[in-house]
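# Residue-level structural notes
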Amino acid sequence: MASLEASPLDQRLEWDTPLFLMARAQFEQAVPHADVPDEIVERLSFPERAVIVSVPLRRDDGSIQVFPGYRVQHSTVLGPTKGGLRYDPEVSLGECAALATWMTWKCALLRLPYGGAKGGIRVDVRSLSRTELEKLTRRFTSELIREIGPHTDIPAPDMATNDQTMAWIMDTYSVQKGYVVPEVVTGKPISIGGSVFRREATGAGVVMVTDQACTRLGRTLPGQRCVVQGFGNVGGVAASELHDRGAIVVAVSDISGGLHNEAGLDVPELHAYVAEHGSLEGYDRCERITNEELLELPCDILVLAAREDQVTAANAAKVRASLVVEGANGPTTIEADAILADRGIPVVPDILANAGGVTVSYFEWVQDLGRLFWDREEIRRKLSDKMSDAFDRVYALADEKRITLRQAAMAAAIREVSGALEARGIYP
Ligand code: NAD
């Protein structure tokens, strides 16, 4: 039933790009296991709303350059939409639509009262000064002023955006409203209503479910040989958590390439190096490998924490990990997923594995709305409870239906949204 083909011509829509078709194919693969009515399936196959804006920026040299910006809101069935903003040269409507769709399933799976959204600007941040980045972010916020809000759509950081980006958005929104609205974004600095443990939450959540998966596979995390692709917010923290829990991180990579040491890398030293040099480029105290070689290293656990489309039909047969964990969104293509499943390699899917970020974002939003803040231990415990509850439900459904963890996670999420949509009805 699942197909990577575009909709028939009369239905073909602007977001029918390869990544969106992949998200839809995953949805179609899970639907038979979710037992939901056809009309609900039809409704949930499409994002509810998409906005394209053009964002003018006066460059430091006085010239004007216009950048395309996007925000896609997939579903408001369970609550306001929630999802990251990324600044990347490959951002497109279809990419945002796919990522917004995954956010709906992720929030539903974790039983958070949100639907999914995603957006961003098509820009290479390395080409901008800090002043330009701030001006671009503030103007983008103004362009989206009617779309975002604490009860409509709540952005968060994603690739190449961070707590500073969220602070500029929160400030611009607040100034335009005339009062302070910390709850319009999550992933803010703690000084303006951010939550403790938000920065670490995605990577820490990745390792929480990795630990649970190890237990189910009859292994223990300490001593597991791990490879981590991507050394940013997700991969960098995941590598540290793995290292701190006694796993052996034998390889990591970023856009500049990979580092490998069979005896285990010194992860704290790598963080110190990145803090000083901006990336892993030039680090020479171990063997340097390519990102392609990194994905094919023999290891116990491969954590994919860079970006989408990394394990594909071309390299899935060469993956030599015995467990794959998706810290990034959409890193395994549909074809690769089937190859890994045939080879008996379990994949802990993105909507489960990287849900720690949106879960602590939800805690941040709740704290902001209540103007009452929790400490690190409380947040870590609440996150661990949420992740392990979702993991157990996914594992039980996969067991019961004899399906992959991805199909089970998607089916469990679809059931949550479908139950709410059936109760609300399709207006009018
Ligand atoms: P980031 O920009 O902080 O880090 C991305 C890392 O991946 C960087 O080290 C970058 O150099 C590296 N990278 C990029 N392309 C690469 C390639 N082709 N090969 C190897 N490394 C490459 O971004 P992030 O926030 O860590 O996000 C990474 C992924 O996790 C994305 O798919 C994002 O959507 C997803 N995600 C992020 C969060 C979050 O809270 N930040 C939450 C859920 C999911």
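Residues numbered from 1 in each chain as written. Predicted model: local features only at pLDDT ≥ 70, side-chain atom pairs only at ≥ 80, totals over all residues. Heavy atoms only, no water.

## With respect to the pattern of salt bridges
- The final tally for this structure, using the stated rule, is 33 salt bridges.
- Residue Glu 416 is joined to Arg 111 by a salt bridge in which the shortest nitrogen-to-oxygen separation is 2.9 Å. Of this pair, Glu 416 sits in helix α14 (residues 405-424) while Arg 111 sits in the loop between α3 (93-109) and β4 (115-121), placing them 305 residues apart in sequence.
- A relative accessible area of 25% means that Glu 416 is categorised as partly exposed.
- According to the relative accessible area criterion, Arg 111 is partly exposed, its value standing at 44%.
- As a salt-bridge pair, Arg 380 and Glu 241 come within 3.1 Å of each other at their nearest N and O atoms. Here Arg 380 is found in helix α13 (residues 376-401), whereas its partner Glu 241 is found in helix α7 (residues 233-244), with 139 residues between them in sequence.
- According to the relative accessible area criterion, Arg 380 is partly exposed, its value standing at 22%.
- Residue class for Glu 241 comes out buried when judged on its relative accessible area of 13%. (Salt bridge = Lys/Arg side-chain N within 4 Å of Asp/Glu carboxyl O. Helix = DSSP H or I, 4+ residues; strand = E, 2+ residues; numbered from the N terminus. Buried < 20%, exposed > 50% of the residue type's maximum accessible area, 1.4 Å probe, protein only.)

## Things to note about the site of the ligand
- Around the ligand, 24 residues are found, and the nearest of them are Asp 158, Thr 202, Asn 233, Val 234 and Asn 329.
- Take Arg 86: an N or O atom from its side chain is 3.0 Å from an oxygen atom of the ligand.
- Between an oxygen atom of the ligand and a main-chain N or O atom of Val 234, the distance comes to 2.9 Å.
- Among the elements of the structure, α6 (198-216), α7 and β7 (248-254) are those that each provide at least two residues to the shell around the ligand.
- Tallied by class, the residues present in the shell around the ligand amount to eight nonpolar, eleven polar and five charged.
- Each of two domains, domain 1 (47-181) and domain 2 (199-353), supplies a minimum of three residues to the shell around the ligand. (Near = heavy atom within 4 Å. Polar contact = N/O pair within 3.5 Å; in protein donor to acceptor, adjacent residues only side chain to side chain. Nonpolar A, V, L, I, M, F, W, Y, C, P; charged D, E, K, R; others polar. Domains from an automatic or database assignment.)

## Focus on the sheet that holds strand β1 (residues 49-58)
- Taken in spatial order, the five strands line up as β1-β2-β4-β3-β5 in an open sheet, and their pairing is mixed. Unpaired on one side and paired on the other, β1 and β5 (153-157) mark the two borders of the sheet. When strand polarity is set aside, the average angle formed by the axes of neighbouring strands in this sheet is 20 degrees.
- Sheet topology places strand β2 (residues 64-73) next to β4; five bridges connect them, and they run antiparallel. (Pairing = 2+ DSSP bridges. Axes fitted to C-alpha atoms, helices over the stretch in contact; angles between N-to-C directions.)

## A look at unusual backbone geometry
- Of note, the amide linkage connecting Tyr 427 to Pro 428 takes the cis form, showing an omega dihedral of -5 degrees.
- The residue Ala 160 is not glycine, and still its phi comes out positive at about 65 degrees.
- As for its placement among the helices and strands, Ala 160 is situated in the loop between β5 and α5 (163-177).
- The class of Ala 160 is partly exposed, set by a relative accessible area of 46%.

## Description of α7
- Over its twelve residues, α7 extends 16 Å from the first C-alpha to the last, a length consistent with the 16 Å expected when each residue adds 1.5 Å.
- Across the twelve residues of α7, nine count as buried, placing the element largely inside the fold.
- Looking only at α7, the buried set comprises Val 234, Gly 235, Gly 236, Val 237, Ala 238, Ala 239, Ser 240, Glu 241 and Leu 242.
- On the buried face of α7, the contacting elements are α6, β6 (225-229), β7, α8 (267-277), β10 (299-304) and α13.
- At the C-terminal side of α7, Gly 246 shows a positive phi close to 95 degrees. (Expected span 1.5 Å × (residues − 1). Contact = heavy atoms within 4.5 Å.)

## Points about the packing of α6 against α13
- Viewed as axis vectors pointing N to C, α6 and α13 meet at an angle of 45 degrees, and their least axial separation amounts to 10 Å. For the element pair α6 / α13, the angle class is oblique. Of the two possible hands of crossing, α6 and α13 adopt the one that is right-handed. Seen from α6, the contacting residues are Glu 200, Ala 201, Gly 205, Met 208, Val 209, Gln 212, Ala 213 and Arg 216; seen from α13, they are Arg 376, Arg 380, Leu 383, Ser 384, Met 387, Ser 388, Phe 391, Asp 392 and Tyr 395.
- Of the residues assigned to the contact of α6 with α13, the class counts are eight nonpolar, four polar and five charged. (Parallel < 35°, antiparallel > 145°, perpendicular 65-115°, else oblique. Left-handed = near helix turned anticlockwise from the far one by under 90°.)

## So, the sheet that holds strand β11 (residues 321-326)
- Taken together, the seven strands give an open sheet; going across it, the order is β9-β8-β7-β6-β10-β11-β12, and neighbouring strands pair in mixed fashion. Strands with a single pairing partner mark the edges of an open sheet, and in this sheet they are β9 (287-289) and β12 (347-348).
- Relative to β7, β6 runs parallel, the two being bridged by five bridges. Directly across from Val 228, in β7, lies its bridge partner Val 252.

## Some remarks on the pairing of β4
- Judged by how many residues are buried, β4 sits mostly within the fold: seven of seven residues are covered.
- Going residue by residue along β4, you find Gly 115, Ala 117, Gly 119 and Ile 121 tucked away on one face and Gly 116, Lys 118 and Gly 120 tucked away on the opposite face as well.
- Where strand β3 (residues 81-87) and β4 come together, five bridges link them in parallel fashion. Looking at the pairing, Tyr 87 lines up with Ile 121 of β4.

## Considerations on the packing of aromatic side chains
- Going through the model one piece at a time under the given rule, you end up with nine aromatic pairs.
- Summarising the aromatic geometry, the rings of Phe 27 and Trp 105 are spaced 5.3 Å apart at their centres and angled 5 degrees between planes, so their arrangement reads as stacked. In this pair, Phe 27 is assigned in helix α1 (residues 18-30) and Trp 105 in helix α3, connecting sequence segments 78 residues apart.
- Since its relative accessible area comes to 0%, Trp 105 is described here as buried.
- Seen from their ring centres, Tyr 273 and Tyr 283 are 5.3 Å apart, and the 85 degrees between their planes marks the pair as edge-to-face. In this pair, Tyr 273 sits in helix α8 while Tyr 283 sits in the loop between α8 and β9, placing the two residues ten residues apart along the sequence.
- Owing to a relative accessible area of 16%, Tyr 273 belongs among the buried residues under this scheme.
- Exposure remark for Tyr 283: the relative accessible area of 6% places this residue in the buried category.
- Put simply, the rings of Tyr 114, Tyr 362, Phe 363, Trp 365 and Trp 374 pair up and form one aromatic cluster.
- Against the face of Tyr 395 rests Arg 216, its NZ or CZ located 4.4 Å from the ring centre. (Phe/Tyr/Trp six-rings, centres within 6.5 Å; stacked < 30°, edge-to-face > 60°. Lys NZ or Arg CZ within 6 Å of the ring centre and 35° of its normal.)

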